[in-house]
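Structural overview for review
In case you want the letters, here they are:
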Amino acid sequence: MVSADFAERPVKKLVLFDVDGTLSPARQRASPEIIQLLRNLRKQVAIGFVGGSDFVKISEQLSVGNINVLEEFDFGFAENGLTAYRLGKPLESQSFIKMVGEKDYQELVNFILHHIADLNIPIKRGTFVEFRNGMINVSPIGRNATVQERIDFEAYDKEHHVRADFVEILREKFKRLNLTFSIGGQISFDVFPHGWDKTYCLRHVEKDNFEEIHFFGDKTSKGGNDYEIFSDPRTVGHTVKSPADTMRICTELFLS
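Residues numbered from 1 in each chain as written. Predicted model: local features only at pLDDT ≥ 70, side-chain atom pairs only at ≥ 80, totals over all residues. Heavy atoms only, no water.

Turning next to the layout of surface pockets. Of the pockets and cavities examined, the largest pocket occupies roughly 530 Å³. If you go around the largest pocket, you meet 24 residues; those closest to its centre are Glu-154, Lys-158, Gly-185, Asp-218 and Lys-219. Elements with a contribution of two residues or more to the lining of the largest pocket: α6 (147-160) and α7 (162-173). Here the lining of the largest pocket gets 3 residues from one element, more than from any other, and that element is α6. Its residues assigned to classes, the lining of the largest pocket shows 6 nonpolar, 9 polar and 9 charged. (1 Å grid on protein atoms, 1.4 Å probe; cavity = no way out; pocket = protein on both sides within 12 Å on 5 of 7 lines; lining within 4 Å. Points joined across faces, edges and corners; volume = space filled by probe spheres on them. Helix = DSSP H or I, 4+ residues; strand = E, 2+ residues; numbered from the N terminus. Nonpolar A, V, L, I, M, F, W, Y, C, P; charged D, E, K, R; others polar.)

Okay, here's the thing in structure tokens:
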């Protein structure tokens, strides 16, 4: 039986959403239309977001107008659920640096920065390694790139496999650290301990006993940062191509 907090929802299911490419264009704000759809959906089922970015960035993307993002979702999972909220209240968090250790962390970051310095790619900007609570985010082009530069790099990367090749080098070099390298968004990839992918968030919802857990994401193929939770036997996975696609499928499944 579903927990008492969600007993009044007509459908005893949880619907989880990736953020970039699913609820909003990558690193851009969600539209008022998709926020309204989520409000309508929440009248029927429990909803949550699960993104790789930190909570501040996700909040910026999903806070249309003056809304508090934690008031619009039943569950909020930043950094794959390593920073987590349930009904607006924080849950236990985890630390990448405590798990890996300072010495190995510095060796990893130094290697990454040396490799990026030697990369021959069309442009480079700034913030190549972003330290987060539960992971690090690595961007060969730099996270300070403009929206257009991100689009251009994504097209370049599809042809030249900059991120995929980089990930293979790191996976072999740092095999002993038991890290996962997960490509997501347009310009970067995440690095975190094994098991700290998006399936990590599922431990926070187990006790609520939902009849089904649906997940919507755009990077659901192997190597993408939605793959593990999309293919997990505990979820019903849906691949989308855009926020408009998310709206269409949600309406067909839950609001028709």
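Back to the text.
Moving on to the sheet that holds strand β11 (residues 236-239). A sheet is described by the order of its strands in space; here 7 strands give the open sequence β5-β4-β3-β2-β1-β10-β11, paired in mixed fashion. Each edge of the sheet is formed by a strand with only one pairing partner; in this case those strands are β5 (89-90) and β11. Together, β1 (13-17), β10 (212-217) and β11 form the strand contacts of helix α9 (residues 243-255), whose direction differs from that of β10 by roughly 160 degrees. (Pairing = 2+ DSSP bridges. Contact = heavy atoms within 4.5 Å. Axes fitted to C-alpha atoms, helices over the stretch in contact; angles between N-to-C directions.)

For Glu-79, which is not glycine, the phi dihedral falls at a positive 50 degrees. By secondary structure assignment, the location of Glu-79 is in the loop between β3 (75-78) and β4 (83-86). Since its relative accessible area comes to 4%, Glu-79 is described here as buried. One non-glycine residue, Leu-87, lies in the positive phi region at around 50 degrees. Residue position: Leu-87 is located in the loop between β4 and β5. Residue classification places Leu-87 among the partly exposed positions, given a relative accessible area of 34%. (Buried < 20%, exposed > 50% of the residue type's maximum accessible area, 1.4 Å probe, protein only.)

Of the two faces of β4, the one holding Thr-83 and Tyr-85 and the one holding Ala-84 and Arg-86 are both buried throughout. Sheet analysis places β3 next to β4, joined by 4 bridges and oriented antiparallel. Bridging across to β4, Phe-75 finds its partner in Arg-86. The turn linking β3 back onto β4 is made up of 4 residues, and Glu-79 within it adopts a positive phi angle of 50 degrees.

The next thing to look at is the sheet that holds strand β7 (residues 136-138). Overall, antiparallel pairing links the 4 strands, which are arranged β6-β7-β9-β8 in an open sheet. The sheet is open, and its two edges are formed by β6 (129-131) and β8 (179-184), each paired on a single side. For this sheet the average axis-to-axis angle between neighbouring strands, irrespective of direction, equals 25 degrees. Two elements, β7 and strand β9 (residues 188-193), share 3 bridges in a ladder whose sense is antiparallel. From the neighbouring strand, Asn-137 faces β9, where its bridge partner is Asp-190.

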